[in-house]
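Spelled out from the first residue to the last, the chains are:
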Amino acid sequence: MFRVRSIPTYLALLLSLVVGAGCATDQSIRAQATDYHKELEPAVLTDGELRDYLQQLGQRVVASAKELHAQKFGPKSAFKDDSSWMFTNEQFHLVNSSTLNAFTTGGDHAYIYSQLMRECRTEDELAAVVAHEFGHVYARHVHKGSDRQYAVLGGAVLLGAAGYAAGGKEHGKEYAAYGAGLGMIAGNFLAMGFTRDDEAEADKLGFEFYTHAGWDPERFGGFFQQLIDKGFDKTPEAASDHPSLSSRVAAAKQRAAALPATAHEWRKPPIADDARFTALKARAEAVGKTMPNDQSLARAKLLLAAVPSCLVPQESQEQVEARATLEAAQAAEQGDAKQK
Ligand SMILES: [Zn+2]
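Here goes a summary of the coordinates provided. Since this is a predicted model, take the numbers as computed values, not measurements.

What counts and how
Residues numbered from 1 in each chain as written. Predicted model: local features only at pLDDT ≥ 70, side-chain atom pairs only at ≥ 80, totals over all residues. Helix = DSSP H or I, 4+ residues; strand = E, 2+ residues; numbered from the N terminus. Buried ≥ 20, exposed ≤ 12 C-beta atoms within 10 Å, placed from the backbone. Pairing = 2+ DSSP bridges. Axes fitted to C-alpha atoms, helices over the stretch in contact; angles between N-to-C directions. Contact = placed C-beta atoms within 7 Å. Expected span 1.5 Å × (residues − 1). Parallel < 35°, antiparallel > 145°, perpendicular 65-115°, else oblique. Left-handed = near helix turned anticlockwise from the far one by under 90°. Nonpolar A, V, L, I, M, F, W, Y, C, P; charged D, E, K, R; others polar.

**Comments concerning the overall build of the protein chain**
- Broken down by element type, the protein chain carries 14 helices and three strands.
- Across the 340 residues in the protein chain, those meeting the buried criterion constitute 42%.

**Comments concerning the sheet that holds strand 1 (residues 91–95)**
- Taken in spatial order, the three strands make up an open sheet running 1-3-2, and their pairing is mixed. A single partner strand is all that each edge strand has here, and the edge strands are strand 1 and strand 2 (102–104). On average, each strand axis in the sheet is inclined to that of its neighbour by 20 degrees, with strand direction left out of account.
- In the sheet, strand 1 pairs with strand 3 (residues 109–113) via five bridges, with the strands oriented parallel. Directly across from L94, in strand 3, lies its bridge partner I112.
- Together, strand 1 and strand 3 form the strand contacts of helix 3 (residues 48–70), whose direction differs from that of strand 1 by roughly 135 degrees.

**Re helix 9 (residues 196–212)**
- In a regular helix each residue adds 1.5 Å, so 17 residues correspond to 24 Å; helix 9 covers 25 Å between its end C-alpha atoms and thus fits that length.
- By the criterion of burial, helix 9 is predominantly enclosed, with 12 of the 17 residues buried.
- Every buried residue belonging to helix 9 is among D198, E199, E201, A202, D203, L205, G206, F207, F209, Y210, T211 and H212, and all of these are buried.
- Just downstream of helix 9 lies G214, where phi reads positive at about 110 degrees.

**Points about the environment of H242**
- Position of H242 relative to the elements: it lies in the loop between helix 10 (222–229) and helix 11 (245–257).
- C-alpha separation for the pair H242 and L311, spaced 69 residues apart in sequence, amounts to 7.8 Å.
- Once residues lying within four places of it in the same chain are set aside, the contact partners of H242 are R196, E199 and P313.

**Some words on the packing of helix 6 (residues 123–138) against helix 9**
- At their nearest, the axes of helix 6 and helix 9 sit 7 Å apart, and the two run at 120 degrees to each other. Compared by their axis directions, helix 6 and helix 9 come out oblique. For the pair helix 6 and helix 9, the sense of crossing is right-handed. Each of A127, A128, A131, H132, F134, G135, H136 and Y138 in helix 6 lies in contact with helix 9, whose residues at this interface are D198, E201, A202, D203, L205, G206, F209 and Y210.
- Split by residue class, the contact of helix 6 with helix 9 holds nine nonpolar, four polar and three charged.

**Regarding the pairing of strand 3**
- Here strand 3 lies mainly inside the structure; five of its five residues are buried.
- Burial along strand 3 is two-sided: H109, Y111 and Y113 and A110 and I112, pointing in opposite directions, are all buried.
- As defined by bridge partners, strand 2 adjoins strand 3 across three bridges and the pair is classed as antiparallel. Paired with A102 across the bridge in strand 3 is I112.
- Linking strand 2 to strand 3, which pair antiparallel, is a turn of four residues; within it G106 sits at a positive phi near 90 degrees.

Quick look at the structure:
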């Protein structure tokens, strides 16, 4: 059956979003994050040992951030409201995904991708990424992004429409495999992402949380250095939403060098020494393989793949394809809605 899908449909969507827009509050962002989590939960590795480990690691970051917050450390956005929820509710989830990424929806949930854990050589590298993600929560970057989204959404939505008109048909069959209602939430995941300044700020905050929590300051930039070594730093900084990986490594080195002489007193042993960390990585891989590959997992994985990267400057083919599929689902459901 032929359906008419037109640009005006998107203008109608845009209008509804703009009318519904307001300043994002802690309450609205947390509620939204809880909704998103329902979509992503099927990809969470529910293994007890992995869950406890990541949560323990996350709590060490959060406890450190809480202490720094009491000392009034951080940008204004960290103090614009009662922040106590950040230090009591945050959940860190290890999710089954072959994309190299980590992200947070800004409320009580942060996601570490299994592919990322696999690439970490030591706990320090994983802790640095977790601390960076918590930096986004601490500075309320998702709130900022949500307010910004309404301002730029017109262009994004129109681009989505044009993209669908041009090439949507090839993806038309694919999205159906991910279940009904995908298009309804697709826009939310497509519109996520942080600015370059947000990323730099999350690194800055993350470094402090991480070092005060006892991990090795010299290793904060280790994961980014690994990405450089693997050839991920090709995009010129000016053309990217991300600070270049080399500038992130350089900033971490400068911060480590600028620490007070007493900083060595903060050091603590890692939660998992290198041997245990290697075993946990193997466990994550094994558990991931036992997950039933049903539609809900496929759908969660698709959404996880579509989220912009917090770490890698340019998108992988997997990300580009996931975004195209979501755009097609969104466009098709808009078309259906208009027909009814
Ligand atoms: Zn980030």
